[in-house]
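Listed here are the chains, written in short residue letters.
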Amino acid sequence: MSNLETQRTFALVGTGGCGKTSLAEMLLFDAQAISRMGAIEEGSTSLDYEPEEIRRRGSIQPACATYLWNKNRHFLLDIPGDGNFTGDMEYLLKGVDGVLFVIDAVDGVRPLTKKFWQVVRDDRLPAIIAINKMDRDRADFQMAFDSLSALGIKPVALQLPIRKGEDFVGYVDVLAGKALFFGPDGGLTEGDVPAELADDMALLRDVTVENIAESDEMLMEQYLEEGSLPPESLAAGLRAGVIKGELSPVLVCAALQDKGGRAILDAVQQLLPSPQERPAFLDAAGAEHTADPDAPLAAFVFKTLSDPFTGQLSILRVLSGTIKGDATLKNMRTGENERLGSILYLNGKTQTQCKDEVGPGAIVAVAKLKNTRTGDTLCDEKAPFVLPLPPLPPQLITYALAPREKGDEDKVYAAIQRLLDEDITLRLARDEENGDILLSGMGQLHIELSVEKAKRRFKVDIVLKTPKVPYRETVRGKCQVQGRHKKQSGGRGQFGDCWIEMEGLPRGAGYVFEDAIVGGVIPRQYIPAIDKGIQEAAARGFLAGCQVVDFRVKLYDGSYHTVDSSEMAFKVAGSLAFKKAMESLKPVLLEPIVLLTVSVPDESMGDVIGDLSSRRGKVLGSDSAGGVTEIKAHVPMSEVLRYAPDLRSMTAGQGFFTMEFAHYEEAPQPIVDKVIAEHKQGAE
């Protein structure tokens, strides 16, 4: 087992296109875990290996790697940066102890950067920031560094880039006050700090030393008394500040040119915590669970991947205890025992058998577990422990799927069902009314690539139909109605009779069922059936087949027959009462409104705001910083289902947006008429 004090487990986090996968490639190459650096353009990187990733030149699923740096074991997790594929980020971050947060030197902090940083902060994970792409023409260290203030952090610059013309040739080590230049073999040579950087370096050093001192009272006293701090105090203070989450050290690199990787590997080793230094994991009851190798074994499955040879791979982080092949652990969700086969180290799709035991903090894979999925805790059955699951964001978009060949519906459903094991941000359902297979996900690209994957893996031809907008129906006012179901024709009859009071509730209040039956006018055992009948009828809708929400039903009277009454009869009576109430309450159609956060170059702002207004959007406000305007608007979901290509063309590919569900609002009459007409047409 590796030495836990020197072991590091960290994730690469950053928005799409900032170069995380290339940076991971550089780290693996510098640590000699791979013999040559692959390129995204050639589809040869070790961590992007799915055909869909190679084709679109970007990560769509997390990838794991492990390597030794100065004989110390590191585990690395590369998390995709496209908002379509980051819905499970909080699950993935449960697998690591720290973060290498990547910023693009050309773009600086983007809107999605803020969102990702918030997730990292909420998980109390220490982070090092790497400003990548310092070799690009438009790379601007000062802009990127200044943009970090938008994250509300104390960035501590440890390096200042040295550029000759357009070339990134080295960096100044701010604390040591010396310049280091990249050699042709990836090594570094020491030299003089360029005269034009001397003032900047002195200023940065003062700010950096001050920030380190401020993070610790004793250091602050020493700094105020002596006016400076010795290197060992600075190093210890910096590490303590990073682990507490108060300081965020900033390094520079150019991953494609293999420049700056070794310094990042050193910083990961020196500044990020070991598994034993991270806060304890808490179970659902609030009991603490520390990363103790001698404690009973517990592991968290934070991702499931598909492998062409072994089938399903469960990727797990060891929380406590030590794990070796052939162990038997209890799955706390199913209550069943799982026998683990070989324990595997992953480097992208390459698997190597792990010969030793592995302890806390290790990220390993296990093949062919029979009933384990993402989010499960596996543990020693004598010491039960369940890691509470983080909430998943709501799905943003729903498409209807159909087979190209009629009659293959079950094949399509089964193929997509198998994808759900590895992608917990997908939702699959059937539309009870028209039998459509509905697939919901985090965006258009998410759905399209999931369907592509299903076609490729399971050889099934799937057609994507227009996205479904999740309209809802609701009621206003209050009424009292009777639902009576009576059938008596030969043999045993059916009889159920109920009186309900139904009224609309405020938006977002959901469904409330109140049992106000007294004196046994309806026997106890039939009351749940009435509730169920109402809920099933509400799911089918009344105006346009959309679920009815935000209403209260009070069951207050009724009658029964000693022989002919049954649960079925009362269920039908409940649904009849619901339909009658809907007829008298004048239902309304609600449309989903999303909060759209659009980040665009300042010069595109006018076009984008004009376009949002034409989509019935209400602009809530805009913020401009560093040449980028962030616009927030409430827009009906139906108007932005295919917003990505439109935004791309309006902003020459520079625009970028996130979308989250905000609330439901009453739909205007033309929309109501259109939705009802489409529903009727579909029903016919």
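Residues numbered from 1 in each chain as written. Predicted model: local features only at pLDDT ≥ 70, side-chain atom pairs only at ≥ 80, totals over all residues. Heavy atoms only, no water.

S.K.: Help me understand the nonpolar core, please; the structure alone is not making it clear to me.
M.R.: The tendency in soluble globular proteins is for nonpolar side chains to be buried as a group. Within the largest apolar cluster, 86 residues are counted, with the highest numbers of intra-cluster contacts made by V13, L93 and I131. Ranked by residue count, the leading element in this core is strand β14 (residues 298-307), at six residues. Dropping the residues within four chain positions of it, V13 is found in contact with K20, I79, M89, L93, V99, L100, F101, V102, F116 and V120. Judged by nonpolar contacts, the second largest core, of 43 residues, contains L420, V469, V598 and V640. (Core = buried A, V, L, I, M, F, W, Y, C linked by side-chain atoms within 4.5 Å. Buried < 20%, exposed > 50% of the residue type's maximum accessible area, 1.4 Å probe, protein only. Helix = DSSP H or I, 4+ residues; strand = E, 2+ residues; numbered from the N terminus. Contact = heavy atoms within 4.5 Å.)

S.K.: Would you explain the side chain of E503 in this entry?
M.R.: Inspection of the secondary structure puts E503 in strand β28 (residues 494-504). One polar contact links E503 to R552, side chain to side chain, over a distance of 2.4 Å. Look past the residues within four positions of E503 in its chain and what remains in contact with it is V475, G477, K478, F551 and R552. (Polar contact = N/O pair within 3.5 Å; in protein donor to acceptor, adjacent residues only side chain to side chain.)

S.K.: Honestly, the pattern of salt bridges in this entry has me stumped. Any pointers?
M.R.: For the structure on display, the rule yields 31 salt bridges. One salt bridge connects R476 with E666, and the closest N-O pair in it is separated by 2.9 Å. Linking R476 in the loop between β26 (472-474) and β27 (478-487) with E666 in strand β34 (residues 656-666), this pair joins segments that are 190 residues apart in sequence. With relative accessibility at 40%, the residue E666 sits in the partly exposed group. Each of E501, E503, E514 and R552 takes part in one network of salt bridges that share partners. (Salt bridge = Lys/Arg side-chain N within 4 Å of Asp/Glu carboxyl O.)

S.K.: Is there a simple way to think about unusual backbone geometry in this case?
M.R.: Glycine aside, residues mostly have negative phi, and peptide bonds are mostly found in the trans state. The phi dihedral of K586 falls on the positive side, at around 50°, and the residue is not glycine. Within the secondary structure, K586 is located in the loop between α13 (567-585) and β31 (588-601). Relative accessible area serves as the criterion here: at 65%, K586 is assigned to the exposed category. A positive phi angle, near 65°, is found at R616, a position not held by glycine. You can see R616 is positioned in the loop between α14 (605-614) and β32 (618-625).

S.K.: Help me understand a negative patch on the surface in this model?
M.R.: On the surface, E217, E221, E225 and E226 cluster together into a negatively charged patch. By secondary structure assignment, the location of E221 is in helix α7 (residues 217-226). (Patch = residues over 30% accessible without salt bridge, like charges linked within 9 Å, V, L, I, M, F, W, Y side chains within 5 Å. Areas by Shrake-Rupley, 256 points an atom, 1.4 Å probe, with all protein chains shown as cover. Lys, Arg positive; Asp, Glu negative; His and termini not counted. Charge placed at Lys NZ, Arg CZ, Asp CG, Glu CD.)

S.K.: Which parts of the structure should I look at to understand the sheet that holds β14?
M.R.: The strands that make up a sheet are held in pairs by hydrogen bonds between backbone atoms, and each pair lies either parallel or antiparallel. If you walk across this open sheet you meet the eight strands as β17-β16-β21-β14-β15-β20-β18-β19, and the pairing is antiparallel. In this open sheet, the two edge strands, each paired with only one partner strand, are β17 (337-339) and β19 (350-353). Within the sheet, the average angular offset between the axes of one strand and its neighbour, ignoring direction, is 40°. Looking at chain direction, β14 and strand β21 (residues 377-379) are connected through three bridges and run antiparallel. Looking at the pairing, A299 lines up with L378 of β21. (Pairing = 2+ DSSP bridges. Axes fitted to C-alpha atoms, helices over the stretch in contact; angles between N-to-C directions.)

S.K.: It is not clear to me how the sheet that holds strand β9 (residues 178-182) should be interpreted in this structure. Could you clarify?
M.R.: Strand order in the open sheet made by the four strands is β7-β8-β9-β10, with antiparallel pairing throughout. For this open sheet the edge positions go to β7 (159-164) and β10 (188-191), each flanked by a neighbour on one side alone. Averaged over neighbouring strand pairs, the angle between their axes works out to 35° when direction is ignored.

S.K.: Explain the packing of helix α12 (residues 527-540) against α13 to me, please; I cannot follow it from the model alone.
M.R.: Describing two packed helices takes the angle between their axes plus the distance from one axis to the other. The N-to-C vectors of α12 and α13 enclose an angle of 45°; their axes lie 7 Å apart at closest approach. In terms of their interaxial angle, α12 and α13 are classed as oblique. In this structure, α12 crosses over α13, and the sense of that crossing is right-handed. Packed against α12, whose contacting residues are A529, I530, K532, G533, I534, E536, A537 and A538, the element α13 presents E567, F570, K571, G574, S575 and F578 at the interface. Classifying every residue of the contact of α12 with α13 gives seven nonpolar, three polar and four charged. (Parallel < 35°, antiparallel > 145°, perpendicular 65-115°, else oblique. Left-handed = near helix turned anticlockwise from the far one by under 90°. Nonpolar A, V, L, I, M, F, W, Y, C, P; charged D, E, K, R; others polar.)

S.K.: Looking at this model, I keep getting lost on the pairing of strand β5 (residues 127-132). Mind explaining?
M.R.: Moving residue by residue along a regular strand, the side chains alternate between the two faces of the sheet. Counting buried residues along β5, six of its six residues qualify, which places the element largely inside the surrounding structure. One ladder, built from three bridges, connects β5 with strand β11 (residues 248-252); its direction is parallel. In the strand pairing of β11, I129 is matched with V250.

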